[in-house]
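# Observations on the three-dimensional arrangement
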Amino acid sequence: MVAFLSSWPWENLGNLKYLLYGPLIANVVYARMYEETPKFNWCLHILILCALRGAVYTLCSGLNHWHFLTRRRRVVQQTVDFKQIDSEWHWDNFILLHAFMGLMATYTFPVFTNLPIWNSKGYLFALLLHIAVVEPLYYFVHMLLHSDYLFTNYHSLHHSSVVPQTLTGTHDLQELLSSLTSLSFISLLNVNHMLLFGAAGLATPLEHIIFGLIMGIPILATCLLGYGSLKLIYGYVLIFDFLKCLGHGYTECVPPVIFEFLPFLKYLIYTPTYHYLHRKEMNTNFCLFMPLYDALGNTLNKKSWELHKKIFSGENTKEPDFVFLMHCVDVISSIHVPFVLRSFVSLPYTTRLFLFPLWPLAFATTMLLWMFGKAFLVMGYTLRGRVHQSWCVPRYGFQYFLPFAKNGINDQIEDAILKADKLGVKVISLAALNKNEALNGGGTLFVKKLPDLRVRVTHGNTLTAAVILSEIPKEVKEVFLTGATSKLGRAIALYLCRRGVRVMMLTKSTERFQSIQNEAAEEHRSCLVQVTKFQAAQHCKTWVVGKWITPREQRWAPSGTHFNQFVVPSILEFRRDCTYGKLAAMKLPEDVQGLGTCEYTMDRGVVHACHAGGVVHFLEGYKNHEVGTIDVDMIDVVWEAAMKHGLRPV
């Protein structure tokens, strides 16, 4: 039997729970439309306060995920995985609950009907009440919640998150946005904080009722004493939320030096490390915000300050063993990063309507990164005890095709490689355009320029070729290939001709075609055929697209054609009578930990084949660089190695 108030009454409503804000919104609209002289309206202020509370949690969560700034001060090295994200789906339930608790209070106590905007004396009374009443009361209640019955039925939920966060929950964004069309002002305000998640709000209704009552004591008491004000209510609630976010983050942001300079502050200010020890050991550090009460109650963890110093100094940091060096694709998709919309990145990227208002901000960021940016950490995960990270070169797809931007991009990639080498990274894999042949010869430029590199540079194209080839059925006898003289095109053509497959290579360069043809064994050369027009493929149902083709060019494909592709961006799915393959990708092994970000348009746990190729290079311990042309003889070897290590085709 489910314990009383251990689940939310609107749990089955999903996003329709936001309709519960409807009566407050209706009250505000009615007052504005039909009252000649609108009175002080608590419904309006409660709605605004809900939105501001969501904004506080959103901002704190976003800052918490600025891994490129905070990675050396992380309290917990493991990152948030999809399982935790899903378990923390609706973090903002408590804001909805507190909205109605606040509304009940305004109708119950007449003192709230005519509050001034400002009363300076109220802040002092509220502070004294917080220190003398709220802190010890919370401490006592928190200890009770750790008793067997209450912990099992209520408080264990709060401790279920492996990685401490400042927020919790989100929902499928397509469903969210469709439901928002029927919702109103407050739902739109809530969109931002629903896109993020964390652990401060993850608790049962009973706990949030208790915490709401405790938080309301200084507000109610100060108002009853005649010193209350509207700014006091806003200030106390938002500062309370901010301090709550501070402790529930996984980045240590409180410098130990302030405790060395003013030792008494360590009993007045708690830190993320302090709260982490409570979550880890559970029998110490019960305080709300002031460790003083743990000291008085003899529950203060003796390791708190020592561990705090260690974490803040970066001694706890694990440097990466493998790095995937990616780049931005376009302006709007650059929002698909953890420190902008954290839960949005737990879903494959797709263009959503809510993104377009953010375009100006994204574009401004594009310009700033172009002028001042360096490669930065975006996401990470752990595989078999080894840290894998994805870094991003601050350049966008269109910039790779600007002749004057070439040297700057190569400088950015070189800086990232040197940084990885300095950190002791074993393998760095170059994504898509970062290994463009015209840009740096598939990474050859860096290997030649930096002969003393310890880090192995790889383009991962050997496994990419293997993935593309695995998707071509064995019974296929004829293939039409665009981008035929590229690195991947060359390897695919040579591999297929060994299987006796006739490959129509679309290219106008007879010299480049013959160069590839001459690499094939003499008995297989006849399988490679140069074509210069799409009409040549009008009877071929297997197309491998390595160079972007227009809908008009797709018309030459016969009905039932399957378009395999390794072109970025993917071609438009124009033909209803044909099928389209996705970009070459592989699913990471099942034992991956801390993965909570989708790689661009890939499904959860799936990464681009060049990323997977770098992982295989690292796991196999290859000592060579994998740059330049693809060794066709290695395609089957790398594929078997990927299977051995648990990577799987999508």
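Predicted model only: the values in this text are computed from it and were never measured.

Conventions used here
The numbering scheme is per chain: residues are counted from 1 as the chain's sequence reads. Under the rules for a predicted model, residues below a pLDDT of 70 receive no local features and side-chain atom pairs below 80 are neither given nor counted, while totals for whole chains, interfaces and linings still include all residues. The side-chain figures draw on all heavy atoms in the structure; neither hydrogens nor water molecules are used. By the criteria applied, helices consist of DSSP H or I runs no shorter than four residues and strands consist of E runs no shorter than two, each listed in order from the N terminus. Exposed residues in this analysis have more than 50% of their type's maximum accessible area, buried residues have under 20%, and partly exposed residues fall in between, with area computed by a 1.4 Å probe over protein chains only. Whether two residues are in contact is decided by their heavy atoms: any pair within 4.5 Å suffices. Using the Shrake-Rupley algorithm and a 1.4 Å probe, accessible areas are obtained, with residue cover drawn only from the displayed protein chains. In this tally Asp and Glu are treated as negative and Lys and Arg as positive; neither His nor the chain ends contributes. Every charge is mapped onto a representative atom, which is NZ of Lys, CZ of Arg, CG of Asp or CD of Glu. Where each domain starts and ends comes from a domain assignment, either automatic or drawn from a database. In plain terms, two cysteine sulfur atoms within 2.5 Å form what is called a disulfide here. UniProt positions are given in the numbering used here, feature names are shortened, and annotations may be inferred rather than shown by experiment. A side-chain nitrogen of Lys or Arg and a carboxyl oxygen of Asp or Glu constitute a salt bridge if their distance falls within 4 Å. The criterion for an aromatic pair is that two Phe, Tyr or Trp rings (for Trp, the six-membered ring) have centres within 6.5 Å, with stacked assigned to planes under 30 degrees apart, edge-to-face to planes over 60 apart and tilted to the rest. Criterion for a charge above a ring: Arg CZ or Lys NZ at most 6 Å from the ring centre, at most 35 degrees from the ring normal. As used here, the term nonpolar core means buried Ala, Val, Leu, Ile, Met, Phe, Trp, Tyr and Cys residues forming a set that is joined through side-chain atoms within 4.5 Å. A fitted line through C-alpha atoms represents every axis, and for helices the fit uses only the stretch in contact; the resulting angles, taken between N-to-C directions, go from 0 to 180 degrees. Just so you know how the angles are binned, under 35 degrees is roughly parallel, over 145 roughly antiparallel, 65 to 115 roughly perpendicular, and the rest oblique. By convention, the crossing between two helices is left-handed when the near helix turns anticlockwise from the far helix through less than a right angle, and right-handed when the turn is clockwise. Polar contact is the term for a pair of N or O atoms within 3.5 Å; when the atoms are in protein, one must be able to donate a hydrogen and the other to accept it, and sequence-neighboring residues count only if both atoms are side-chain atoms. Two strands are counted as paired when DSSP detects at least two bridges linking them. Looking down the strands as they point away from the viewer, one classifies a crossover as right-handed if the path from the first strand across the helix to the second runs clockwise.

## Let's talk about the overall build of the protein chain
Across its full length, the protein chain carries 25 helices and 15 strands. Its C-alpha atoms give the protein chain principal-axis dimensions of about 95 × 60 × 55 Å. Looking at the 650 residues of the protein chain, the share that counts as buried comes to 56%. Across the protein chain, contacts joining residues at least 24 apart in sequence account for 73% of those joining residues at least 6 apart. Total accessible area on the protein chain is roughly 29,200 Å²; 62% of this is exposed by carbon and sulfur atoms. One way to put it: in the protein chain the 58 positive side-chain charges average out to a point 3 Å from where the 48 negative ones average out.

## A closer look at the domain arrangement of the protein chain
As far as domains go, the protein chain holds domain 1 (11-172 + 201-312), domain 2 (322-348 + 356-458 + 587-649) and domain 3 (463-583). Between domain 1 and domain 3, the C-alpha centre-to-centre distance is 58 Å.

## Focus on the state of the cysteines
Across all of its chains, the model carries zero disulfides by this definition. No disulfide involves cysteine 497; its nearest neighbouring cysteine sulfur is the one of cysteine 527, lying 6.1 Å away.

## What about the UniProt feature "transmembrane region" (unreviewed entry) in the protein chain?
Feature annotation in UniProt assigns "transmembrane region" (unreviewed entry) to the following positions: residues 46-66, 95-115, 122-141, 176-197, 209-230 and 353-373. Annotated as 77% helix and 0% strand, the span residues 209-230 places its first and last C-alpha atoms 22 Å apart. When the span residues 353-373 is considered, its composition is 67% helix and 0% strand, and the gap between its end C-alpha atoms is 28 Å.

## Some points on the pattern of salt bridges
Considering all chains together, one arrives at 18 salt bridges under this definition. Across the pair glutamate 414 and lysine 449 runs a salt bridge whose closest N-O atoms are separated by 2.8 Å. Placement of glutamate 414 in helix H17 (residues 406-423) and of lysine 449 in helix H19 (residues 444-449) is noted, with a sequence separation of 35 residues between them. Across the salt bridge formed by aspartate 421 and arginine 454, the nearest N and O atoms sit 3.9 Å from each other. Here aspartate 421 is found in helix H17, whereas its partner arginine 454 is found in the loop between H19 and strand E5 (456-458), with 33 residues between them in sequence. We classify aspartate 421 as buried; its relative accessible area is 13%. Three or more residues joined by partner-sharing salt bridges are found here, namely Asp321, Arg386 and Lys426.

## A look at the packing of aromatic side chains
Per the counting criterion, the structure on display carries 29 aromatic pairs. Taking the ring centre of phenylalanine 312 as reference, the NZ or CZ of arginine 73 above it sits at 4.0 Å. Across from the ring centre of phenylalanine 94, 5.2 Å away, lies the NZ or CZ of lysine 244, which sits over that ring.

## Here's the deal with the nonpolar core
Grouped burial of nonpolar side chains is what soluble globular proteins tend to show. Leu463, Leu496, Met505, Leu528, Val544, Met586 and Ile635 are the most contacted members of the largest nonpolar core, which totals 70 residues. In terms of residue count, helix H21 (residues 487-498) provides more of this core than any other element does, eight residues in total. Leave out the neighbours within four places in its chain, and leucine 496 touches Leu469, Ile472, Val479, Val501 and Val503. The next biggest cluster of nonpolar side chains, apart from the first, holds 53 residues, and it includes Leu24, Val56, Val237 and Leu246.

## As for the packing of helix H6 (residues 120-145) against helix H10 (residues 205-224)
The N-to-C vectors of H6 and H10 enclose an angle of 160°; their axes lie 8 Å apart at closest approach. Classified by the angle between their axes, H6 and H10 sit roughly antiparallel to one another. The handedness of the crossing between H6 and H10 comes out as right-handed. Residues Gly122, Phe125, Ala126, Leu129, His130, Val133, Val134, Leu137, Tyr138, Val141 and Leu145 of H6 lie in contact with H10, whose contacting residues are Glu207, Ile210, Phe211, Ile214, Ile217, Pro218, Ala221 and Thr222.

## Remarks on the side chain of histidine 130
Looking at where histidine 130 falls in the secondary structure, it is placed in helix H6. We classify histidine 130 as buried; its relative accessible area is 9%. Here the side chain of histidine 130 touches glutamate 135 through a polar contact of 2.9 Å, side chain to side chain. The contact partners of histidine 130, leaving out residues within four places of it in the chain, are Glu135, Pro218, Tyr236, Phe240, Leu288 and Phe289.

## Focus on the UniProt feature "domain: Very-long-chain aldehyde decarbonylase CER1-like C-terminal" (unreviewed entry) in the protein chain
In the numbering adopted here, UniProt assigns the feature "domain: Very-long-chain aldehyde decarbonylase CER1-like C-terminal" (unreviewed entry) to residues 479-649. Along residues 479-649 one finds 28% helix and 19% strand; the C-alpha atoms at either end are 21 Å apart.

## Quick word on the pairing of strand E7 (residues 502-506)
For a regular strand, the rule is simple: side chains alternate between the two faces of the sheet. For E7, the tally of buried residues reaches four of five residues, placing the bulk of the element in the interior. When strand E6 (residues 478-482) meets E7, the two strands line up parallel, connected through four bridges. Bridging from a neighbouring strand, glutamate 478 pairs with arginine 502 of E7. A crossover connection joins E6 to the parallel E7 through H21; in handedness this β-α-β unit is right-handed.

## A closer look at the environment of histidine 65
The residue histidine 65 is located in the loop between helix H2 (42-64) and helix H3 (67-70) in this model. The spacing of histidine 65 and phenylalanine 398 is 333 residues in sequence and 27 Å in space, taken between C-alpha atoms.

## Considerations on unusual backbone geometry
Phi at asparagine 285 is positive, roughly 55°, even though this residue is not glycine. According to the relative accessible area criterion, asparagine 285 is buried, its value standing at 2%. Look at alanine 432: it is not a glycine, yet its phi comes out positive at around 25°. For alanine 432, the position within the fold is in the loop between strand E4 (427-430) and helix H18 (437-440). Here alanine 432 falls in the partly exposed class, since its relative accessible area comes to 30%.

## Thoughts on the sheet that holds E6
Hydrogen bonds between backbone atoms are what pair the strands of a sheet, whose relative direction is either parallel or antiparallel. Taken together, the six strands give an open sheet; going across it, the order is E8-E7-E6-E9-E10-E11, and neighbouring strands pair in parallel fashion. Where the open sheet ends on each side, the last strands, each with one partner, are strand E8 (528-531) and strand E11 (579-580). Pairing of E7 with E8, which is carried by four bridges, proceeds in the parallel orientation. Looking across to E8, one finds that methionine 505 is bridged to glutamine 530. Contacts from H21 reach E6, E7, E8 and strand E9 (542-545) within the one sheet, and its direction differs from that of E7 by about 160°. Of the strands in this sheet, E7 and E8 are in contact with helix H22 (residues 510-519), which crosses E8 at around 175°.

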